[in-house]
Number of protein chains: 2
Amino acid sequence: MGDKPLWEQIGAGFVQLYYQQFDTDRVKLADLYYDDCFMTFEGTTVRGKNDVMAKLNSLPFRSIQHIITAQDHHPTPDNCVMSMVMGQLKADQDQVMGFQQVFLLKNIGNKWLCTNEMFRLSLHNFA
Amino acid sequence: MGDKPLWEQIGAGFVQLYYQQFDTDRVKLADLYYDDCFMTFEGTTVRGKNDVMAKLNSLPFRSIQHIITAQDHHPTPDNCVMSMVMGQLKADQDQVMGFQQVFLLKNIGNKWLCTNEMFRLSLHNFA
């Protein structure tokens, strides 16, 4: 991984950690969010780490597995990292669904935190 | 549209203009990009407005139509606007394909310009 651009290492590292935490113990995701973050989940927007965690913890499945099929990472003019993910997820015994997700990451207090996140299931795209 | 947050008006306005230009005369998209922008198209990254336009103009279809099925917009801590789009496109006589795209917009010289863009066809997600 040493020969990849720094922003790609940062973005890919965040993405790996995010889905690993999400799939094993999503309460721990709180460590990855900026206090005044924005998150839009299936078109519903919440603001602030506490509300984001309340939203994530309210999701009704008991178990979930994410698989990443593609990811892209960029540096931004304000020294952030933007990451777009395409993947598939399986919640409980539901059928596998595609999803798309984007993260904006900012270095705050020497940690890369998510300031903005958007999530949509791909199935809307084929309705 | 007056009762929507400013960032949503900015993002939705940009998205509408972007696809309208793309579908009618994509040479004009140059006006929408920051000089030192990054664009990743199907996993291939180019940097700078000139290289982005060269990439867009090299795409092999003659006609294209985009339909947006969902879009989300956020303000970011650095006063940018992040927009995620899910949609469908039809290029020439090819079958309709789903896509996902993200834009980061920054106000530069009193214009909202795209500093970062990522595009992927959704079909990768079902391979």
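Residues numbered from 1 in each chain as written. Chains lettered and ligands numbered in written order. Predicted model: local features only at pLDDT ≥ 70, side-chain atom pairs only at ≥ 80, totals over all residues. Heavy atoms only, no water.

A. Focus on the relation of the copies chain B and chain A. Mapping chain B onto chain A calls for a rotation angle of 180° and an axial translation of 0.0 Å; the resulting RMSD is 0.0 Å. The superposition operator between the copies reduces to a two-fold rotation axis. Interface overlap between copies is the fraction of interface residues in one copy that are interface residues in the other; for chain B against chain A it reaches 100%, indicating a shared surface. (Least-squares fit on C-alpha atoms with pLDDT ≥ 70 in both. Contact = heavy atoms within 4.5 Å.)

B. Spotlight on the pattern of salt bridges. As enumerated under the stated definition, the model contains 10 salt bridges over all chains in all. Across the pair Asp 78 of chain A and Lys 106 of chain B runs a salt bridge whose closest N-O atoms are separated by 3.0 Å. Note that Asp 78 of chain A is positioned in the loop between strand S3 (64-75) and strand S4 (81-91) and Lys 106 of chain B in strand S5 (residues 97-108), a pairing that runs across two chains. Look at Lys 106 of chain B and you get buried, because its relative accessible area is 19%. (Salt bridge = Lys/Arg side-chain N within 4 Å of Asp/Glu carboxyl O. Helix = DSSP H or I, 4+ residues; strand = E, 2+ residues; numbered from the N terminus. Buried < 20%, exposed > 50% of the residue type's maximum accessible area, 1.4 Å probe, protein only.)

C. Broad picture of unusual backbone geometry. Residue and element names in this part refer to chain A. Even without glycine at this site, Asn 79 takes up a positive phi of about 65°. By the element assignment, Asn 79 lies in the loop between S3 and S4. Exposure remark for Asn 79: the relative accessible area of 62% places this residue in the exposed category. Unusually for a residue other than glycine, Asp 92 sits at a positive phi of about 45°. Tracing the chain through its elements places Asp 92 in the loop between S4 and strand S5 (97-108).

D. Structural detail: the sheet that holds strand S6 (residues 111-121) of chain B. Residues and elements named next belong to chain B. Within the open sheet, the six strands sit side by side as S2-S1-S6-S5-S4-S3. Their pairing is mixed. Looking at the sheet topology across the chains shown, the edges are occupied by strand S2 (44-47) and strand S3 (64-75). Taken pair by pair, the neighbouring strands of this sheet meet at an average axis angle of 20°, ignoring direction. Strands strand S1 (33-41), S3, strand S4 (81-91), S5 and S6 of the sheet are contacted by helix H1 (residues 6-24), whose axis makes an angle of about 160° with S3. (Pairing = 2+ DSSP bridges. Axes fitted to C-alpha atoms, helices over the stretch in contact; angles between N-to-C directions.)

E. Structural detail: the UniProt feature "domain: NTF2" (unreviewed entry) in chain A. The UniProt feature table records "domain: NTF2" (unreviewed entry) at residues 10-121 of chain A. Secondary structure content for residues 10-121 of chain A is 22% helix and 53% strand, and the end C-alpha separation is 25 Å. (UniProt positions renumbered as here; feature names shortened; annotations may be inferred.)

F. Looking closely at the pairing of S4 of chain A. Residue and element names in this part refer to chain A. The element S4 is largely enclosed, with a buried count of 10 among its 11 residues. Judged from the 11 bridges that link them, S3 and S4 form a sheet pairing that is antiparallel. Directly across from His 73, in S4, lies its bridge partner Ser 83. Connecting S3 to the next strand, S4, in antiparallel fashion are five residues, including Asn 79 with a positive phi near 65°.

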